[in-house]
Amino acid sequence: ATVLELEPGANYLITSDLQKTGDIQIIGNGATLTMDGCRITLGGSLGSYSSLTDAISSRVGSFDFSGFAVSSGDLLKVYEDNDYSWALDDSTAKTGDILEADRVDGNTIYVKGVSHNSYTTTYGKIAKITAATVLIDDLNVIGDTDENLILEVSYSKFSKLKNVKVRVGGQRALYLE
C-alpha cells in the first residue's frame, strides 16, 4: 500500500488532478489541500465490461454468465448501458449493483445478498472490480467555487475517512462508491 504522510498543519495548493489506483493511506496531520480546478480520485478500478449472457431479475441471488472467469469473492459491477451515466458530475440515472460472488457453479454465479435492480441482455453490462483499501485521516480538502466533485473514492473494498473535512462552493464535493 502507498502511504502519504503530510506535514502537520501544512497548506498545499493542488493545480492538477491526483489519481491513485490501488491501496492507499493518507495521514493528513491536519494539513489542508486547496483544489484549484482539479480533483483527487482514489480507490480500485473497473475492468473491461461484457454484455450479460442472461437477464438478471431484481431480488435474485444468482444468475448465469459466461463472458469472463468469475471466482468466489470477486466483486462485480452490473448496470444497464442505456440507463447509467459515467459522468461523475451528473447524479441522474445512477442505477447499478455491486455484487460479491459467493460461489460459482459452472456458468451460474451465486452472489451474497441479491440484485436490487433488473438487467436485460440487450443493455445489461457486467465488469469485474479490482477493489482497493482507502484510509484517510485528519485532512481538510477545500475546492474552488467552480468545482462540484473534488474527492472521489471508487471501488473500495474498505474505506475509512476519519476527521476528513471536504468543503466546496458547488454541490457534491465527496463521492463514495
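Refer to the preceding data block for the structure.
Everything in this summary refers to the structure shown in the same document. (Residues numbered from 1 in each chain as written. Predicted model: local features only at pLDDT ≥ 70, side-chain atom pairs only at ≥ 80, totals over all residues. Heavy atoms only, no water.)

Regarding the nonpolar core
Let me state the cut-off plainly: Definition of nonpolar core: a set of buried residues of the types Ala, Val, Leu, Ile, Met, Phe, Trp, Tyr and Cys, connected through side-chain atoms within 4.5 Å. Throughout, exposure labels follow a simple rule: accessible area from a 1.4 Å probe, protein chains only, divided by the maximum for the residue type, with under 20% read as buried, over 50% as exposed, and the rest as partly exposed. A run of H or I in DSSP counts as a helix once it spans at least four residues, and a run of E counts as a strand once it spans at least two, with each numbered from the N terminus. In this analysis, two residues are considered to be in contact whenever any of their non-hydrogen atoms come within 4.5 Å of each other.
Judged by nonpolar contacts, the single largest core of 17 residues is most densely connected at Leu33, Met35, Leu42, Ile136 and Leu139. Those elements that place two or more of their residues in this core are strand S4 (24-35), strand S5 (40-43), strand S12 (132-143) and strand S13 (151-154). The element best represented in this core is S4, accounting for five residues. The contact partners of Leu139, leaving out residues within four places of it in the chain, are Leu6, Ile26, Gly28, Ala31, Leu33, Asn163, Val164 and Lys165. Core analysis: the second largest hydrophobic core is formed by 13 residues, Phe63, Leu76, Ile109 and Val111 among them.

Structural notes on the sheet that holds strand S7 (residues 62-64)
For clarity, the threshold we go by: Two strands qualify as a pair provided that DSSP identifies no fewer than 2 bridges between them. All axes here are fitted lines through C-alpha atoms, helices being fitted over the stretch that makes contact, and every angle between N-to-C directions spans 0 to 180 degrees.
Pairing is antiparallel across the open sheet formed by six strands, whose spatial order is S6-S11-S8-S9-S10-S7. Strand pairing shows two members of the sheet lacking a second neighbour, strand S6 (45-51) and S7, which therefore form its edges. Between one strand axis and the next, the sheet turns by 40 degrees as a mean value, whatever way the strands run. Pairing between strand S9 (residues 97-105) and strand S10 (residues 108-112): five bridges, direction antiparallel. Paired with Arg103 across the two strands is Tyr110, which belongs to S10.

Section: the environment of Thr41
In this fold, Thr41 is placed in strand S5. Expressed as a C-alpha distance, the spacing of Thr41 and Lys20, which sit 21 residues apart in the sequence, is 6.4 Å. Every residue in contact with Thr41, bar those within four places of it in the chain, is listed here: Leu18, Gln19, Lys20 and Glu152.

Considerations on the side chain of Lys125
Going by this rule: As used in this structure description, the phrase polar contact means that two N or O atoms lie within 3.5 Å; if the pair is within protein, one of them must be able to donate a hydrogen and the other to accept it, and residues adjacent in sequence are counted only when both atoms belong to side chains.
Mapped onto the fold, Lys125 is located in strand S11 (residues 124-130). Separated by 3.1 Å, the side chains of Lys125 and Ser51 make a polar contact. Among residues more than four places away in sequence, those in contact with Lys125 are Tyr49, Ser50, Ser51, Leu52, Lys77, Val78, Tyr79 and Asp81.

Things to note about the environment of Phe68
Tracing the sequence through the fold places Phe68 in the loop between S7 and strand S8 (75-80). Put simply, Phe68 and Lys128 are 60 residues apart on the chain and 8.9 Å apart in space, counted from C-alpha to C-alpha. Sequence-distant contacts of Phe68, that is, excluding residues within four places in its chain, are made with Ser48, Ser50, Leu76, Ile126, Ala127 and Lys128.

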